[in-house]
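Topology and contacts: notes
Spelled out, the chains give:
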Amino acid sequence: LTHLYIKYKSNNATAFTRFLSGIPAERLTLVEVTFASSFPTPELFRITPSIASLKQLEVLVIKFEDQEERLRDQRALDGRILSPLYTISNLRWFHLRSVPIALSRADLEQMALSWSRIEGLVLDTLHGNIALKDLAVFAGRCQNLLILDVEIRPFGLPWPGISALG
């Protein structure tokens, strides 16, 4: 098994981590997980260490269904939620979709240092007190970087479409 695509419809983070631990990971290089919109985003704290055990991963995509519905009352998660993933040194592509996450300059520096082989980084719901200049760390440390796709929302600014929804 080299590629794994999962549409996870349950809200049970424990069952998901057990499932991952049972997969032979020696050749697994791509994992794409789509969580149901009802999956509680804070439960990602319990899942990222399990994903980090897949040391051969080169491509990791984590996303949620129904982005508009999820972002309605969503609070940004602490950037430390990603820290277990920094141990995946072979990672070439990371995409986090529909998960508002608050990253600091220090988080960005750690990400660039840990994922020096990254070629594509997509964080389409980035929240925090960072500026465009803070992203320059990737240009300096990630020589293979081809795509850097981020949406930065300073704290206190609403997500697009939120006012129309509520």
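In this report, the structure presented in the accompanying data block is examined. (Residues numbered from 1 in each chain as written. Predicted model: local features only at pLDDT ≥ 70, side-chain atom pairs only at ≥ 80, totals over all residues. Heavy atoms only, no water.)

Side note on the overall build of the protein chain
Using the following cut-off: Segments assigned H or I by DSSP are reported as helices when at least four residues long, segments assigned E as strands when at least two residues long, and all are numbered from the N terminus. Note on exposure labels: buried denotes an accessible area under 20% of the residue type's maximum, exposed denotes more than 50%, and partly exposed covers the range between, all computed with a 1.4 Å probe on protein chains only. Every residue pair with non-hydrogen atoms within 4.5 Å of one another is taken to be in contact. Here the open area of atoms and residues is found with the Shrake-Rupley method and a 1.4 Å probe, where only the protein chains shown may cover a residue.
Each helix and strand counted, the protein chain has 6 helices and 8 strands in total. Seen in sequence order, the protein chain has helices and strands lined up from the N terminus as β-α-β-α-β-α-β-β-β-α-β-α-β-α. Evaluated residue by residue, the protein chain yields a buried proportion of 46% over its 166 residues. For the protein chain, the proportion of contacts with a sequence separation of at least 24, taken over those separated by at least 6, is 83%. Surface exposure of the protein chain reaches about 8300 Å², of which carbon and sulfur atoms provide 52%.

Examining helix H2 (residues 44-52)
Residues of H2 that are buried include every one of Leu-44, Ile-47, Thr-48, Ser-50, Ile-51 and Ala-52, and no others. Those residues of H2 that are buried lie in contact with helix H1 (13-21), strand E2 (30-35), strand E3 (59-64) and strand E4 (77-78).

Quick look at the pairing of strand E7 (residues 120-127)
We apply this condition: Strands qualify as paired when DSSP identifies two bridges or more between them. Think of it like this: strands point away, you trace from the first strand over the helix to the second, and a clockwise trace means the crossover is right-handed.
By the criterion of burial, E7 is predominantly enclosed, with 8 of the 8 residues buried. Here strand E5 (residues 93-96) pairs with E7 via 4 bridges, running parallel. Note on E7: the bridge partner recorded for Phe-94 is Leu-121. In the sheet, strand E6 (residues 101-102) pairs with E7 via 2 bridges, with the strands oriented parallel. Residue pairing for E7: Ile-101 is matched across the bridge by Leu-126. Regarding the hand of the β-α-β motif, the stretch spanning E6, helix H4 (residues 105-114) and E7 is right-handed. A crossover links E7 with its parallel partner strand E8 (residues 147-153), the connecting element being helix H5 (residues 136-141), and its sense is right-handed.

Here we look at the environment of Ser-104
With respect to the element layout, Ser-104 can be found in the loop between E6 and H4. Accessibility expressed as a relative area gives 32% for Ser-104, which makes it partly exposed. Between the alpha carbons of Ser-104 and Asn-129 there is a distance of 6.7 Å; along the sequence they are 25 residues apart.

As for the pattern of salt bridges
In plain terms, the rule: In the sections that follow, a salt bridge refers to a side-chain nitrogen of Lys or Arg positioned within 4 Å of a carboxyl oxygen of Asp or Glu.
On inspection of all chains with the given rule, the structure shows 7 salt bridges. Its salt-bridge partner being Lys-63, residue Glu-32 comes within 3.1 Å of it at the nearest N-O pair. Pair noted here: Glu-32 is in strand E2 and Lys-63 is in strand E3, with a separation of 31 residues, a long-range link.

Some thoughts on the nonpolar core
Applied cut-off: To form a nonpolar core, buried Ala, Val, Leu, Ile, Met, Phe, Trp, Tyr and Cys residues must be joined to one another through side-chain atoms within 4.5 Å.
Ranked by size, the top nonpolar core spans 47 residues in total, and within it Phe-35, Leu-82 and Phe-94 carry the most contacts. Take this core: its biggest share by element is 4 residues, from H2. Look past the residues within four positions of Phe-94 in its chain and what remains in contact with it is Leu-60, Ile-62, Leu-82, Leu-85, Trp-115, Ile-118, Gly-120, Leu-121, Val-122 and Leu-123.

Side note on H1
To keep things clear, this is the line we draw: Arc definition: directions from the helix axis to the C-beta atoms.
Among all positions in H1, only Ala-13, Phe-16, Thr-17 and Leu-20 are buried. Across the axial projection of H1, the buried residues extend over an arc of 95 degrees, all falling on one side. On its buried face, H1 is in contact with strand E1 (3-8), E2 and H2.

Re the environment of Ile-152
With respect to the helices, strands and loops of the structure, Ile-152 is situated in strand E8. In this structure Ile-152 comes out as partly exposed when scored by relative accessible area, which is 24%. Along the primary structure Ile-152 and Thr-125 are separated by 27 residues, whereas in three dimensions their C-alpha atoms are 7.0 Å apart.

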